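# Residue-level structural notes
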Amino acid sequence: MQIENIFLKDSLYSQYDLESLSDEELLSIIFYFENSDYTDKLKTLDSYCSVCKKETTFISKESKREALYETLSQINETIIGGKLDLKTSLEKFGTFERVFKCPRPLSDESHDQIFFFRIKNSELIKVGQTPSIADLENRSIYKYRALDESIYQEFNRAIGLASHGIGVGSFVYLRRIVEKHIVAPKLQTLIEEGTNTAEEIYNADFKKKIEIAKTLLPPFLVENKKIYSILSKGVHELEEQECRDFFPVLKTSIEIILDERIEQIEREKKNRLISVELNKFK
Ligand SMILES: [Zn+2]
């Protein structure tokens, strides 16, 4: 497991079985103390500073409370002595706060990225985070505004819902992007060109529709029809947790599809320009 993902990718209220984390990993997630053997695995975090509007390597501040430090040295002894169960003792702590500072000149606390954790029933839970994942993700999908404002907005909503742990709801928006904004306009083109009749298209299921419009669609979608099956299944049959688990891979798939769409449009534009130029030769 990449522990950075817990901070920057996973939704709020994600739970991690303590059994899946080593003591060092767990301590490095919830604490940071300079020169400690057990809490130094996560000193920096490569993220995006929403104030500077730049990619930034954030640097961890030390965990604050003196009491925590004392307990930590007890825990250190505990680990060395192997007498007391670390994970049970951490459960009594309440919340753990990690703060990462933007190192750019003149940056102050308003640039901080802050994360809260709690340990309960042998699970580590991420219970708070600011800026939100949706805010951090925003920038990566901003380019899709050029494609279509509603694609951007619906993608943004999908990510926002997923970052709050709402799985099925996020799938609805991803599905709308594929169905309404990617495939439907191409089917419309085929009808207008007279290649297919409206009835033919109306009667086809979605897989068939992709097949019909395949030459006009982004290749990744055509080659991976499963994307739509998972989205469709998610809305009707999958559990919340299953949708949440599938979300990152579907999100990346949609990004690939939209990137291909942008490339397609740019290529068409270039082709048109060049053929205009070529036609100038008489
Ligand atoms: Zn900053």
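As shown above, the structure is provided for reference.
A brief report on the enclosed structure follows.

Rules of the game
Residues numbered from 1 in each chain as written. Predicted model: local features only at pLDDT ≥ 70, side-chain atom pairs only at ≥ 80, totals over all residues. Heavy atoms only, no water. Pairing = 2+ DSSP bridges. Helix = DSSP H or I, 4+ residues; strand = E, 2+ residues; numbered from the N terminus. Donors = N, O, S within 2.8 Å, 3.2 Å for Na, K, Ca; no water. Tetrahedral: all angles 85-135°; square planar, octahedral: opposite > 155°, others 65-115°. Buried < 20%, exposed > 50% of the residue type's maximum accessible area, 1.4 Å probe, protein only. Axes fitted to C-alpha atoms, helices over the stretch in contact; angles between N-to-C directions. Contact = heavy atoms within 4.5 Å.

With that settled, the discussion passes to the pairing of strand 6 (residues 123-130). In this structure, strand 1 (residues 15-17) lies alongside strand 6, joined through three bridges in antiparallel fashion. Paired with Tyr16 across the bridge in strand 6 is Leu124. The sheet contact formed by strand 5 (residues 113-120) and strand 6 spans seven bridges and is antiparallel. Residue pairing in the sheet places Arg118 in a bridge with Ile125 of strand 6. With antiparallel pairing between neighbouring strands as the criterion, strand 5 and strand 6 make up a hairpin whose turn holds two residues, including Asn121 at a positive phi of roughly 45 degrees.

The coordination sphere of the zinc ion contains the protein donors Cys49 (SG), Cys52 (SG), Cys102 (SG) and His111 (ND1), at a distance range of 2.1 to 2.3 Å. Angles of 99 to 121 degrees at the metal separate the four donor atoms of the zinc ion, which places the site in the tetrahedral class. Along the chain, the residues donating to the zinc ion are arranged with the sequence spacing C-x2-C-x49-C-x8-H. On the basis of relative accessible area, Cys52 is assigned to the partly exposed category, the value being 23%.

Spatially, 1-6-5-4-3-2 is the arrangement adopted by the six strands of the open sheet, whose pairing is antiparallel. Each having just a single partner strand, strand 1 and strand 2 (44-49) make up the two edges of the open sheet. Looking at each pair of strands side by side, their axes are set apart by 35 degrees on average, direction ignored. Of the strands in this sheet, strand 4 (95-101), strand 5 and strand 6 touch helix 2 (residues 23-30), which is tilted by about 70 degrees from strand 4.

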